[in-house]
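Geometric and topological summary
The chain contents come next:
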Amino acid sequence: MRQLLITTALCLFAAPGLLASPAFAETKVAVSMTSFDNPFLTILLNGIRAGAAKDTTIELLTEDAQLDPAKQLSQVENFIANGVDAIIVNAVDGDATAAITQAARNAKIPLVYVNHPPAELESGLPDGTAFVGSNELDSGTMEADAACKLMGGKGRAVILMGPLENHAALTRTKDVEAVFARPDCKIEIIEKQTANWNRTQAQDLTASWLTAGVQFDAIIANNDEMAIGAAQALKSAGIDMKSIVIAGIDATPDGLAAMTSGDLDLTVFQNATKQGEVAVQTAVAMASGKPTEKALWVPFELVTPDNMASYK
């Protein structure tokens, strides 16, 4: 069903002459990103820019919320005051999006959340609001299931989490916990702490676990950056990389490079470029009054050394 939704939506956007319609002329699309200083979100932003570049009548405005929900709300309010035609938000905090949604709705400006789902997605997005992303119920599940198989269904693991207020981090962690609690996957989670999507923080946290004598067979990270940081800590401690399963999510260029060098055993591809492109297409379609799905899903895909060449 998720694949059907994205296919249906993309067929709508690909209709002949759609983007050339006069209704799309001089469409101002404003974007508020969680942070410009994040490798994965950079890919997402580049996807948004690539989507906008396909139509020269689209004017794209981008702002960095710098991990601040209040700053992001202020940016959205400024977008509205400046009379933009549509707004795209990569939410800093999915639980703090109600004010953003209401502000856009009051102004009758189409709003598209991308990658980080708003809390309103669960209860039902209001008219004029949509979400483009990948279903996080699949990401951590896919990651943990593959890790479990590599571990032979037993062992001890630690989890490196993203920010505690982030929906993706919470869901990915719950996914992993659910898989590791299955009868066929009796893996004990002995530590789980946040490293905020950050490579350096993950390296420091892993090093502290090693110094404290924590013993584990796998490091399950909510993203590739933290998985890479963990691998760097293991190598600095002289630990045989083949003795520890290291898993990430996102299949970023750095993540794939780490897999090529043997530092990362598996990751899960999240097509940030496609999410960005579809977010722009959705925003422009909504600005012209075209009907769109309220939730458009871009599927996750498991990446291992056997198939990673297809993702480079």
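Everything that follows concerns the structure shown earlier in this document.
Below or above, wherever it landed, is the structure these notes cover.

Analysis parameters
Residues numbered from 1 in each chain as written. Predicted model: local features only at pLDDT ≥ 70, side-chain atom pairs only at ≥ 80, totals over all residues. Heavy atoms only, no water. Pairing = 2+ DSSP bridges. Helix = DSSP H or I, 4+ residues; strand = E, 2+ residues; numbered from the N terminus. Right-handed = clockwise from strand over helix to strand, strands pointing away. Axes fitted to C-alpha atoms, helices over the stretch in contact; angles between N-to-C directions. 1 Å grid on protein atoms, 1.4 Å probe; cavity = no way out; pocket = protein on both sides within 12 Å on 5 of 7 lines; lining within 4 Å. Points joined across faces, edges and corners; volume = space filled by probe spheres on them. Nonpolar A, V, L, I, M, F, W, Y, C, P; charged D, E, K, R; others polar. Buried < 20%, exposed > 50% of the residue type's maximum accessible area, 1.4 Å probe, protein only. Polar contact = N/O pair within 3.5 Å; in protein donor to acceptor, adjacent residues only side chain to side chain. Contact = heavy atoms within 4.5 Å.

This paragraph deals with the pairing of strand β2 (residues 58–64). Note that strand β1 (residues 27–33) and β2 share seven bridges and pair parallel. Looking at β2, one finds that A30 is bridged to L61. In this region the chain leaves β1, passes through helix α2 (residues 39–53) and returns to the parallel neighbour β2; the handedness of that crossover is right-handed.

The next subject is the sheet that holds strand β11 (residues 295–297). Backbone hydrogen bonds are what pair the strands of a sheet, in a parallel or an antiparallel way. Strand order in the open sheet formed by six strands is β2-β1-β3-β4-β5-β11, and the pairing between neighbours is parallel. If you trace the sheet from one side to the other, it starts and ends with β2 and β11, each paired once. On average, each strand axis in the sheet is inclined to that of its neighbour by 20°, with strand direction left out of account. Sheet topology note: the strand β5 (residues 129–133)/β11 ladder contains three bridges and is parallel. Of the residues in β11, the one forming a bridge with F131 is A295.

Here the largest pocket defines a volume of roughly 600 Å³. Residue lining of the largest pocket: 29 residues in total, with N38, L67, P163, N196 and W197 positioned closest to the centre. Taken together, the elements giving at least two residues each to the lining of the largest pocket come down to α2, α7 (167–180), α8 (199–211) and α9 (224–236). Take the lining of the largest pocket: its biggest share by element is three residues, from α2. Split into classes, the residues belonging to the lining of the largest pocket amount to nine nonpolar, twelve polar and eight charged. As a volume, the second largest pocket reaches approximately 360 Å³. Surrounding the second largest pocket, 19 residues form its lining, P117, L121, E122, H167 and T171 being those nearest its centre. Elements with a contribution of two residues or more to the lining of the second largest pocket: α5 (120–123), α6 (136–150) and α7. Top contributing element to the lining of the second largest pocket by residue count: α7, with four residues. For the lining of the second largest pocket, the class distribution of residues is eight nonpolar, six polar and five charged.

Here we take up the side chain of N166. In this structure, N166 sits in the loop between β6 (154–161) and α7. Note on N166: relative accessible area 4%, which makes it buried. From its side chain, N166 meets the backbone nitrogen of A169 in a polar contact 3.1 Å long. Discounting chain neighbours no more than four positions away, the residues touching N166 are H116 and W197.

Worth remembering: the numbers are spatial, not functional.
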